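Letter by letter, the chains look like this.
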Amino acid sequence: MDDWLTVEDLRKSARQRVPGFLFDYIESGSWAETTLAANRSAFTDWRLRQRVAVDVETRDLSTFVLGQKRPLPFGLSPVGMLGLFHADGEIAAARAAAAFDIPFVLSTMSICSIEDVARIAAEPFWFQLYVMRDRNFTHGLMDRAAACGCDTLVLTLDLQIMGQRHRDRRNRLGASPMTPRQLFQVATHPRWALGMSRTPRRSFGNIVGHVAGLDARASLAEWTARQFDPSLDWDDVRRLRDRWKGKLVLKGILDVDDAERAVACGAEALVVSNHGGRQLDGAPSSLEALQAIVASVKDRLEVFFDGGVRSGQDAVKALCLGARAVFLGRPMAYGVGAGGQSGVERMIEILRTELDLSMALMGQTSVAGLDRSALLGPAAAPVRQYTVG
Ligand code: GLV
């Protein structure tokens, strides 16, 4: 049995269990991966204030997310292809989220379909939408999500065009038939392969079978590249807002001007995110962007956060800087790869304990009471010594 004490332990297990070309998809950032790295290093600029002799016997980690009281300030970010990191990965993650009563966001590019997750996981979840050129298909996805009981739509705005991830190119991710190297990696991960052989869900469940003439993997990759709509603009967002009767969350906001537009078009929440450093390389870290956005929108909508969180200590920093809830993408994918539902449950447990104990050591007793005054920083940049000559 794996001894998972940290998110890093789950990452290591996932790296062992999942074929390399799929694990690389989780790990990749775009181009030189500077934003991917910045998402992590931004947390080290901030210090937690240690306050002592405070009664911390009773602590409250609950928060309100879109008007609903949740026991933890966490959610699971939409991640494509989760069901290839472990058989039925989306169902596993949805069940883990339900066990902790936190939101799970199903990606458009999931392996298990909206209907499968609704039927088998049997708990309400949120649906993430990519806008396709084929608006009938886009609207059809929204209708299917609504029919499955999804009351919250997470509209992703930072992936109209895909940033290049070199590792995926080098691994020929999506090649059909699989390359000899991919086949070798599959053959050397028998536990993963056995799990996958036992599920019928191995291709993009929301798409295959719902688009006429599309069933082969190669044509799907081609179709996806052609179908994501680069012309998406704020007028489209407003139209989608009008069409969607539930709550709307706009994901991929990194700029104050865009945050203001999100408010103006009537979204209930936004997610400060740079897509895990997978899109615009050179963009600011999510943590850098968070403060300015919170200061600008104040209470006019809820601000969620994703990007670089690997511990409860990271999460508490984002919460202090104004995030209503912290969404977990790679940590969830590591959990799925490491052990399906139990891996994701362990991930949430690890973060919950780290958050709870760190808050106690900070002399903080409630998530609702956290603010910037609980932090010190950002730490001064190290002074570089230059030698002349
Ligand atoms: C899709 O969301 C990706 O980042 O690959």
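Residues numbered from 1 in each chain as written. Predicted model: local features only at pLDDT ≥ 70, side-chain atom pairs only at ≥ 80, totals over all residues. Heavy atoms only, no water.

Chemist: Give a detailed account of the pattern of salt bridges, specifying residues and quantitative values.
Modeler: Pairs can form between side chains of opposite charge whenever their charged atoms are close. Applying the stated criterion across every chain, the model contains 19 salt bridges. Where E115 meets R144, a salt bridge forms, and the shortest distance between an N and an O atom there is 2.8 Å. With E115 in helix α5 (residues 114–121) and R144 in helix α6 (residues 135–147), this pair connects stretches of sequence that are 29 residues apart. A relative accessible area of 26% places E115 in the partly exposed class. Relative accessible area serves as the criterion here: at 13%, R144 is assigned to the buried category. Taking the shortest distance from any N to any O, the salt bridge between D116 and R201 comes out at 3.4 Å. Of this pair, D116 sits in helix α5 while R201 sits in the loop between α9 (190–197) and α10 (217–227); the two residues are 85 residues apart in sequence, bridging distant segments of the chain. (Salt bridge = Lys/Arg side-chain N within 4 Å of Asp/Glu carboxyl O. Helix = DSSP H or I, 4+ residues; strand = E, 2+ residues; numbered from the N terminus. Buried < 20%, exposed > 50% of the residue type's maximum accessible area, 1.4 Å probe, protein only.)

Chemist: Give me the lowdown on the side chain of T63, citing residues and values where you can.
Modeler: Within the element layout of this structure, T63 appears in strand β2 (residues 63–65). With relative accessibility at 11%, the residue T63 sits in the buried group. Dropping the residues within four chain positions of it, T63 is found in contact with Q68, K69, R70, L72, P73, R324 and V367. (Contact = heavy atoms within 4.5 Å.)

Chemist: Give a description of the environment of P200 that names residues and reports values.
Modeler: Within the secondary structure, P200 sits in the loop between α9 and α10. When its relative accessible area of 67% is taken as the criterion, P200 is described as exposed. For the pair P200 and P19, spaced 181 residues apart in sequence, the C-alpha to C-alpha distance is 19 Å.

Chemist: Give me unusual backbone geometry: which residues, what numbers.
Modeler: The residue after S176, namely P177, is reached through a cis peptide bond having omega 0°. Checked against the element boundaries, P177 lands in the loop between α7 (166–171) and α8 (180–187). Although it is not a glycine, W31 sits at a positive phi angle of roughly 40°. In this fold, W31 is placed in the loop between α2 (20–27) and α3 (34–44).

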